[in-house]
Amino acid sequence: ELLAELDYEEILLNRKRIEAVLSARKRQRAELQALLESLKVEVESRIKESEAVLEEVRQRYDSYKKLLKKGYISKVKHDEVKKQYEIARASYETALSGRKKIEAKEEGLNLQNARIREAGAELELLNLEYRRSFIKSSIDGVVKIGRAHV
């Protein structure tokens, strides 16, 4: 039997606020996950592409080094291919650095998951406070409110 109800309006307002925060954080997490997946595809594609170009240019550069040693090509032609190789290597290294961006986005996603867990725990606590705002008794009776002198 319900004996008393404590004021729970503030609890309900806080619960609504936390539910809104939780919903927003879940939306943000979904956006982060979509962005992360897109970034992973893009970065891995760039890595594969730049790796293929690097390998092709490296083979050409190795051939030109041999040809230069034998005197079959000019130093100018060799230097052009060397420059192409350096550019391809730099492009590949830049593509690899995209993995650091992925790691940073994953850390952001982990942080967002922690925030969601935090808001969920806060919501559970508010639900508990709400349930405790109703004082019930398993027996019938009367509650007498008086002052105690100590």
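First, a word on what this report is: a plain description of the structure on this page. Bear in mind that the values here come from a model prediction, so they are computed numbers and not experimental data.

Here the focus is the pattern of salt bridges. Under the defined criterion, the tally for this structure stands at 11 salt bridges. In this structure, glutamate 37 engages lysine 40 in a salt bridge whose closest nitrogen and oxygen atoms are separated by 3.9 Å. Of this pair, glutamate 37 and lysine 40 both sit in helix α1 (residues 9–70), 3 residues apart, roughly one helical turn. Judged by its relative accessible area of 45%, glutamate 37 is partly exposed. Aspartate 62 is the salt-bridge partner of arginine 58, the closest N and O atoms lying 2.7 Å from each other.

To continue, consider the side chain of histidine 78. Among the secondary structure elements, histidine 78 is positioned in helix α2 (residues 75–132). Relative accessible area serves as the criterion here: at 7%, histidine 78 is assigned to the buried category. A distance of 3.3 Å separates polar atoms of two side chains, one belonging to histidine 78 and the other to aspartate 79.

Another aspect to go through is the nonpolar core. Formed by 16 residues in total, the largest nonpolar core has its most connected members in Val43, Ile47, Leu54, Tyr85 and Ile102. Elements represented by at least two residues in this core include exactly α1 and α2. It is α1 that provides the largest number of residues to this core, a total of 8 residues. Core analysis: the next-biggest nonpolar cluster, separate from the first, contains 8 residues, Tyr8, Ile11, Ile18 and Leu123 among them.

The rules behind each value
Every residue gets a number counted from 1 within its own chain, in the order that chain's sequence is written. pLDDT decides what is reported in this predicted model: residues at 70 or higher carry local features, side-chain atom pairs at 80 or more are listed and counted, and totals for whole chains, interfaces and linings draw on all residues regardless. Hydrogen atoms and water are omitted, and side-chain values are computed over all heavy atoms in the structure. The term salt bridge refers to a pairing of a side-chain nitrogen on Lys or Arg with a carboxyl oxygen on Asp or Glu at a separation within 4 Å. Secondary structure elements are taken from DSSP: a helix is a run of H or I of four residues or more, a strand is a run of E of two residues or more, and numbering for both begins at the N terminus. Buried means the residue's accessible area, taken with a 1.4 Å probe over protein chains only, is under 20% of the maximum for its type, while exposed means over 50%, and partly exposed covers the values in between. In the analysis that follows, any N or O atom pair within 3.5 Å is treated as a polar contact, provided that within protein one partner can donate a hydrogen and the other can accept it, and provided that, for residues neighboring in sequence, both atoms belong to side chains. As used here, the term nonpolar core means buried Ala, Val, Leu, Ile, Met, Phe, Trp, Tyr and Cys residues forming a set that is joined through side-chain atoms within 4.5 Å.

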